[in-house]
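# Residue-level structure breakdown
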Amino acid sequence: MMYSGSAAALAYTPEVAEATAPIFERVARVIPSIEWPIHAPLVADIQRLKRERNAIILAHNYQTPEIYHCVADIVGDSLALAQRAVDTDADVIVLAGVHFMAETAKLLNPDKTVLIPDQDAGCSLADSITPEDVRALRASYPGVPVVTYVNTSAAVKAETDICCTSGNAVKVVESLGVDRVLFLPDEYLAKYVATQTKVKIISWHGHCEVHERFSAAEIQHYREGFDNLVVIAHPECPPEVIAAADFAGSTAQMIDYVRSKRPRRVLMVTECSMSDNVAAEIDDVEFVRPCNLCPHMKRITLDKIHRSLETLEPRVEVDPGVAERARRSVERMLAVGR
Ligand code: 13P
Ligand code: SF4
């Protein structure tokens, strides 16, 4: 079988089938065997290109199983990807995720080549706020520190005192030792953090276009349909959804919850691919799947990763003046840790 994308010369030969058989085992529970001949030639050639380029692939937990389990070297939530980007000695980093994640990797590795396989992989939260907005907020709240979610552009990070992710937001806010902070731009994450700390949280009106679509009524509907359902939600969800859930945490914390607690039946209230990725490795948990896709995460495909490694494009660059200030905010966050 011939692959018909940009990598047209790649074929599913007996050699490719044999070389990728152990990789297919990792995803056999979630990728039908009839689809493997489409993925396998790309998976095999991406492995070759990674060796030739001394490249690594960092993949977010929302990437599809053929990326997450078959070509990624490091997988995780946005905090883990930032932490792991610091200690790589690869020459090339391919960020299988969205643009702000690739920018963060570039901030931490200014001398390395950082690639994003699709430059249009954006984020509704990153688009919800500009550096001018942050400057105006600072003028309205003089002396109040600005904590910015990593789901922002480098230019916004440059106007910020410290970054955070959903995995360490409460810890970052409390690390500042102040009684109020500006917490930007996710209104729902801000509301969630406010339930976990005494620090007063002043928020912005950004939303994640994926998580804002979940509702408490939907969760109730699933609870009525499935006995003993454990519901775990990402804190970008509306407060009524988090209130209806049994646990809230970053994507990595949600995965850890399922790995360690092994609920009989779980509903992960987040992007679709998360359940696929966990289901590929765990066979004693039943996943109930409401499906909201992130259209930005889904721009990244094996074909585009392959092309990116072949051409070493598109590269992520950050203006050096912006980068220095943005890097400080990210490094302060990394010093706080998870
Ligand atoms: P995590 O940091 O929890 O992986 O979240 C990133 C994200 O974009 C969720 O929508
Ligand atoms: Fe942004 Fe939401 Fe997509 Fe995460 S899921 S990258 S917050 S749009």
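These numbers come from a predicted model, not from an experiment.

## A few points about the site of ligand 1
- Close contacts around ligand 1 come from His60, Tyr62, Asp77, Ser78, Asn151, Ser166, His211, His234, Glu236, Ser250 and Thr251, and that covers them all.
- One nitrogen or oxygen atom from the side chain of threonine 251 is found 2.6 Å from an oxygen atom belonging to ligand 1.
- Considering ligand 1 on its own, with 300 Å² of exposed area, one finds that the protein chains cover 96% of that surface.
- Considered class by class, the residues forming the shell around ligand 1 number one nonpolar, eight polar and two charged.

## As for the confidence of the model for the chain
- Per-chain confidence: the chain averages 96 in pLDDT, with 98% of residues scoring 70 or above.
- Scored below 50 in pLDDT, residues 1-5 shows 14 contacts in the model against residues more than four places distant or in partner chains.

## Some points on helix 15 (residues 320-336)
- Counted at 1.5 Å a residue, the expected span for helix 15 with its 17 residues is 24 Å, and the 24 Å between its end C-alpha atoms agrees.
- Considered for burial, the residues of helix 15 that qualify are Val322, Ala323, Ala326, Ser329, Val330 and Met333.
- Summarising the contacts, the buried residues of helix 15 are in contact with helix 4 (78-86), helix 5 (99-108), helix 7 (154-157), strand 6 (162-164) and helix 8 (169-175).
- The backbone nitrogen of glycine 321 has a side-chain oxygen 3.1 Å away, supplied by the residue at the start of helix 15, namely aspartate 319.
- Directly after helix 15, the chain includes glycine 337, whose backbone phi takes a positive value near 80 degrees.

## Section: the state of the cysteines
- The tally for this structure, following the rule as stated, stands at one disulfide.
- Note on cysteine connectivity: cysteine 272 is disulfide-linked to cysteine 291, with sulfurs 1.9 Å apart. Judged by the sign of its S-S torsion, about 125 degrees, the bond between cysteine 272 and cysteine 291 is right-handed. A residue pair is termed long-range when its members are at least 10 positions apart, and cysteine 272 in helix 13 (residues 272-281) and cysteine 291 in the loop between strand 12 (286-288) and helix 14 (302-311) qualify at 19 residues.

## Some remarks on the packing of helix 12 (residues 251-261) against helix 13
- Packing of helix 12 against helix 13 leaves a shortest axis separation of 11 Å and a crossing angle of 35 degrees. The handedness of the crossing between helix 12 and helix 13 is right-handed. Contact residues: Thr251, Met254, Ile255, Val258 and Arg259 in helix 12; Met274, Val278 and Glu281 in helix 13.
- Taken together, the residues that form the contact of helix 12 with helix 13 break down as five nonpolar, one polar and two charged.

## Some thoughts on the UniProt feature "binding site: iminosuccinate" (unreviewed entry) in the chain
- Following the UniProt record, the feature "binding site: iminosuccinate" (unreviewed entry) maps to His60, Ser78, Tyr149, Val150, Asn151, Ser166, His234, Pro235, Glu236 and Thr251 here.
- Here histidine 60 lies in strand 1 (residues 55-60).
- According to the relative accessible area criterion, histidine 60 is buried, its value standing at 3%.
- Ignoring any residue separated from it by four or fewer positions in sequence, one finds histidine 60 in contact with Tyr68, Gly76, Asp77, Ser78, Leu81, Ala96, Gly97, Met101, Thr251 and Met297.
- If you trace the backbone, serine 166 turns up in the loop between strand 6 and helix 8.
- Overall, the relative accessible area of 12% leaves serine 166 in the buried class.
- Not counting residues within four places of it along the chain, the set of residues in contact with serine 166 comprises Tyr149, Leu189, His234, Pro235, Ser250 and Gln253.
- Reaching out from serine 166, the side chain makes a polar contact with the side chain of histidine 234 at a distance of 3.4 Å.

## So, the site of ligand 2
- Around ligand 2 sit Tyr62, Val98, Cys123, Ser124, Leu125, Asn151, Cys208, Val210, Glu236, Cys294, His296 and Met297, and those are all the residues in its vicinity.
- Class assignment of the residues belonging to the shell around ligand 2 gives a composition of eight nonpolar, three polar and one charged.

## A word on the sheet that holds strand 11 (residues 265-269)
- With parallel pairing, four strands are arranged side by side in an open sheet as 10-9-11-12. If you trace the sheet from one side to the other, it starts and ends with strand 10 (247-248) and strand 12, each paired once.
- Note: strand 9 (residues 229-233) against strand 10, two bridges, orientation parallel. In the strand pairing of strand 10, alanine 233 is matched with alanine 248.
- Running over the sheet, helix 10 (residues 216-225) touches strand 9, strand 11 and strand 12 and is turned about 155 degrees from strand 9.

## Focus: the packing of aromatic side chains
- Counted according to the given criterion, the structure contains three aromatic pairs.
- Geometrically, the ring pair formed by tyrosine 222 and phenylalanine 226 is stacked, given 6.4 Å between the ring centres and 20 degrees between the ring planes.
- Judged by its relative accessible area of 17%, tyrosine 222 falls in the buried class.

## Brief notes about the sheet that holds strand 8 (residues 200-203)
- Strands sit in the order 6-5-7-8 across an open sheet of four strands; the sheet is parallel. Either end of the sheet is taken by a strand with one partner, and the two such strands are strand 6 and strand 8. For this sheet the average axis-to-axis angle between neighbouring strands, irrespective of direction, equals 35 degrees.
- Relative to strand 7 (residues 180-184), strand 5 (residues 146-149) runs parallel, the two being bridged by three bridges.

## Structural notes on the UniProt feature "binding site: [4Fe-4S] cluster" (unreviewed entry) in the chain
- Mapped onto the present numbering, the UniProt feature "binding site: [4Fe-4S] cluster" (unreviewed entry) falls on Cys123, Cys208 and Cys294. Of the residues just listed, which span 172 residues, no C-alpha pair is farther apart than 9.3 Å, and they cluster in one region.
- Here cysteine 208 lies in the loop between strand 8 and helix 10.
- Contacts of cysteine 208, omitting those with residues within four sequence positions, involve Ser124, Leu125 and Glu236.
- By the secondary structure assignment, cysteine 294 is in the loop between strand 12 and helix 14.
- Discounting residues that sit within four places of it in the chain, cysteine 294 has contacts with Val210 and Glu271.

Thresholds, definitions, all that
- Residues numbered from 1 in each chain as written.
- Chains lettered and ligands numbered in written order.
- Predicted model: local features only at pLDDT ≥ 70, side-chain atom pairs only at ≥ 80, totals over all residues.
- Heavy atoms only, no water.
- Near = heavy atom within 4 Å.
- Polar contact = N/O pair within 3.5 Å; in protein donor to acceptor, adjacent residues only side chain to side chain.
- Areas by Shrake-Rupley, 256 points an atom, 1.4 Å probe, with all protein chains shown as cover.
- Nonpolar A, V, L, I, M, F, W, Y, C, P; charged D, E, K, R; others polar.
- pLDDT = per-residue confidence, 0-100.
- Contact = heavy atoms within 4.5 Å.
- Helix = DSSP H or I, 4+ residues; strand = E, 2+ residues; numbered from the N terminus.
- Expected span 1.5 Å × (residues − 1).
- Buried < 20%, exposed > 50% of the residue type's maximum accessible area, 1.4 Å probe, protein only.
- Disulfide = S-S within 2.5 Å.
- Axes fitted to C-alpha atoms, helices over the stretch in contact; angles between N-to-C directions.
- Left-handed = near helix turned anticlockwise from the far one by under 90°.
- UniProt positions renumbered as here; feature names shortened; annotations may be inferred.
- Pairing = 2+ DSSP bridges.
- Phe/Tyr/Trp six-rings, centres within 6.5 Å; stacked < 30°, edge-to-face > 60°.

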